[in-house]
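# Descriptive analysis of the structure
Here is how the chains run, residue by residue.
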Amino acid sequence: MIYIHIPFCKQKCSYCNFHFSTSLNFKDEMIAAMKKEIYLRKDELQNKTLQSLYFGGGTPSILSPDEVKFLIDEVLKYLSFDKDIEITLEANPDDLDKNFLKGLSNSPINRLSIGTQSFFEEDLRLMNRAHTASEAEGSIKRAQDFGFENLSIDLIYGSPTSNLEIWKENLNKTIALEVPHISSYALTVEPKTALENWISKGKVLSPKEEEQNKEFYYLSDFLKDNGFEHYEVSNFAKPGFYSRHNSAYWKYKEYLGIGPSAHSYNGHDVRSWNIANNPQYIKKLNSNLLAKEEEILSQNDQFNEMIMIGLRTIWGVDLESLKEKFNNEVLDHFQSEIKSKLEEEILIIENNHLKIPEKHWFMADGIASDLFIV
């Protein structure tokens, strides 16, 4: 599978620390550099038939439909698409007007991931989102009108501008709009963001973990009652609408990342990442050089990643795969660390897979980190 990072946004969200630029001055040069990177890295994937192609960012919907199609055609020059390929474009609600959606409906894009975040103005203002509450709702309806049935929306809970009642209304609106996939995250205070600055100066209250905990479990119960499957800590889907792209990440499949700051993984022991600098990325590719660094993952690194990713999903960690992949030193550590958690039922074993019971999912990352080799 391939991930293409579009490093541009109209404005900076208060909570975001992803790599992007609000200047579009180098957009044409960036697309040309991505074309060159696709060519230079065309032989890296072992599987030449793609199951998934994902445009993330940044804001991919800042591109025109023709620019999106141009990059898809570049990929198709060197790799083939599975007949059921999932091609996702992340989009902001304010970009999804009729002209954009009409153009997109004539492209190979067959799934949209819409950055809704909330249907309430106060939440959106705190997050410094570019769209309004009415645009949040209208963009979903317009996408459906243009034939996009495979939709996902992002929702953020635990904001200091929200509460459980507002969160319930957000979820009721989502159900009424018949969206089949939801990715939902607690508002987190990332370093060097506007949100961190506001909180440090007392302008905004810090998110409360106990409120986020309540809203997370309400979210899970409510969506399950409405026919969704909670298949990863932050992801919920109606049957048949799991994200194929993200599911491949969680099952340790190989993937290729194109664009500044994009990561790649060979499915075994090599991870690489492109530099998070737009001018430097373009300069390197203009000289026919890759703008990436890489590392060989040690046994300990591979073990920690397998534990972290697996324990966030309904599939858990395959114990047979652990035995096949790791040496006795790693396995001895693993057996020692899980013993007390199994006794306390913080961890369970089902069908030879280690899992976290769903009632403990809000603390999944902390539970997993307790098992790490440091």
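The residue numbers shown here count from 1 along each chain, following its written sequence. Local features in this predicted model are restricted to residues whose pLDDT is 70 or higher, and side-chain atom pairs enter the listing and the counts only when it is 80 or higher, whereas totals over whole chains, interfaces and linings include all residues. Hydrogens are left out, water is left out, and the side-chain values use all remaining heavy atoms of the structure.

If you tally the helices and strands in the protein, you get 14 helices and 15 strands. In this setup the radius of gyration rests on C-alpha atoms only. A globule is expected at 2.2 Å times the number of residues raised to 0.38. Against the globule reference of 21 Å for 374 residues, the protein gives a C-alpha radius of gyration of 21 Å, in line with a compact fold. Taken along its principal axes, the extent of the C-alpha atoms in the protein is 55 × 50 × 45 Å. Contacts are assigned to residue pairs that have any heavy atoms within 4.5 Å of one another. Of the contacts formed within the protein by residues at least 6 apart in sequence, a portion of 70% connects residues at least 24 apart. Carbon and sulfur atoms form 48% of the exposed surface of the protein, whose accessible area is close to 17,300 Å². If you average the places of the 41 positive and of the 57 negative side-chain charges in the protein, the two averages end up 5 Å apart. Secondary structure elements are defined from DSSP: runs of H or I of at least 4 residues count as helices, runs of E of at least 2 residues count as strands, and each element is numbered from the N terminus. Accessible surface is estimated by sampling points in the Shrake-Rupley manner with a 1.4 Å probe; for residues, cover comes only from the protein chains shown. For this count, His and the chain ends are skipped, Lys and Arg are scored as positive, and Asp and Glu as negative. In plain terms, the charge of a residue is placed at NZ if it is Lys, CZ if Arg, CG if Asp and CD if Glu.

What follows is about the nonpolar core. Only buried residues count toward a nonpolar core. Its members are Ala, Val, Leu, Ile, Met, Phe, Trp, Tyr and Cys residues joined through side-chain atoms within 4.5 Å. Throughout, exposure labels follow a simple rule: accessible area from a 1.4 Å probe, protein chains only, divided by the maximum for the residue type, with under 20% read as buried, over 50% as exposed, and the rest as partly exposed. Counting residues in hydrophobic clusters, the biggest one holds 82 residues, and the most contacted among them are Ile-2, Ile-4, Phe-55, Ile-109 and Leu-112. For this core, the leading source of residues is helix α1 (residues 27–40), giving five residues. The residues touching Leu-112, leaving out its near neighbours within four places in the chain, are Leu-89, Leu-101, Leu-104, Ala-143, Phe-148, Asn-150, Leu-151 and Ser-152. Core analysis: the next-biggest nonpolar cluster, separate from the first, contains 11 residues, Cys-13, Tyr-15, Ile-156 and Leu-187 among them.

What follows deals with the pattern of salt bridges. Two side chains of opposite charge can pair, provided their charged atoms sit close to one another. Only one rule defines a salt bridge in this text: a Lys or Arg side-chain nitrogen within 4 Å of an Asp or Glu carboxyl oxygen. Counted by the stated rule, this structure contains 22 salt bridges. With its nearest N and O atoms 2.8 Å apart, the salt bridge here joins Arg-41 to Glu-44. Accessibility expressed as a relative area gives 1% for Arg-41, which makes it buried. Taking the relative accessible area as the measure of exposure, Glu-44 reaches 32% and is therefore partly exposed.

Further remarks concern the side chain of Ser-183. Its place among the elements puts Ser-183 in strand β6 (residues 181–186). Here Ser-183 is in contact with Ser-152, Ile-153, Asp-154, Leu-155, Ser-234 and Asn-235, once residues within four sequence places are set aside.

What follows deals with the packing of helix α11 (residues 299–310) against helix α13 (residues 328–343). For the pair α11 and α13, the least separation of the axes is 10 Å and the interaxial angle reads 35°. Where α11 crosses over α13, the handedness of that crossing is right-handed. On α13, the residues touching Gln-299, Asn-300, Phe-303 and Ile-307 of α11 are Val-330, His-333 and Phe-334. Residues that form the contact of α11 with α13 fall into these classes: four nonpolar, three polar and no charged. Here an angle of 0 to 180 degrees is reported between the N-to-C directions of two axes, which are lines fitted to C-alpha atoms, with helices fitted over the stretch in contact. Each crossing gets its handedness from the near helix: less than a right angle anticlockwise from the far helix is left-handed, clockwise is right-handed. Following the grouping adopted for this structure description, the nonpolar residues are Ala, Val, Leu, Ile, Met, Phe, Trp, Tyr, Cys and Pro, the charged ones are Asp, Glu, Lys and Arg, and the polar ones are all others, Gly among them.

Here strand β11 (residues 270–274) lies mainly inside the structure; four of its five residues are buried. In this structure, strand β10 (residues 263–265) lies alongside β11, joined through three bridges in antiparallel fashion. Residue pairing for β11: Tyr-265 is matched across the bridge by Arg-271. By the convention used here, strands pair only if DSSP detects at least 2 bridges between them. Linking β10 back to β11 in an antiparallel pair, the connection comprises four residues, with Gly-267 at a positive phi of about 85°. Where β11 meets strand β12 (residues 292–296), five bridges bridge the pair, whose relative direction is antiparallel. Note that in β12 the partner of Val-270 across the bridge is Ile-296.

Before going further, it helps to examine the packing of aromatic side chains. A pair of Phe, Tyr and Trp rings is counted when the ring centres sit within 6.5 Å of each other, with Trp represented by its six-membered ring. The angle between the planes then sorts it: under 30 degrees is stacked, over 60 is edge-to-face, the rest tilted. Under the definition given, this model contains 15 aromatic pairs. For the ring pair Tyr-157 and Phe-216, a centre distance of 6.4 Å and an interplane angle of 40° mean the geometry is tilted. Of this pair, Tyr-157 sits in strand β5 (residues 151–157) while Phe-216 is found in helix α8 (residues 209–225), placing the two residues 59 residues apart along the sequence. Taking the relative accessible area as the measure of exposure, Phe-216 reaches 2% and is therefore buried. Taken together through their ring pairs, the aromatic side chains of Tyr-157, Trp-167, Phe-216, Tyr-217 and Phe-362 make up a single cluster. Sitting over the face of the ring of Trp-315, Lys-251 holds its NZ or CZ atom 4.3 Å from the ring centroid. Cation placement over rings: the criterion is NZ of Lys or CZ of Arg within 6 Å of the ring centroid and within 35° of the ring normal. The positively charged end of Arg-271 is found above the aromatic ring belonging to Tyr-265, 4.7 Å away from the centroid.

Here we take up the sheet that holds strand β14 (residues 348–350). Taken together, three strands build an open sheet; the order of strands is β13-β15-β14 and the sheet is antiparallel. The sheet terminates laterally at β13 (317–318) and β14, the two strands that pair on one side only. Bridge count between β14 and strand β15 (residues 353–355): three bridges; the pairing is antiparallel. Across the sheet, the residue bridging to Ile-349 is Leu-354, located in β15.

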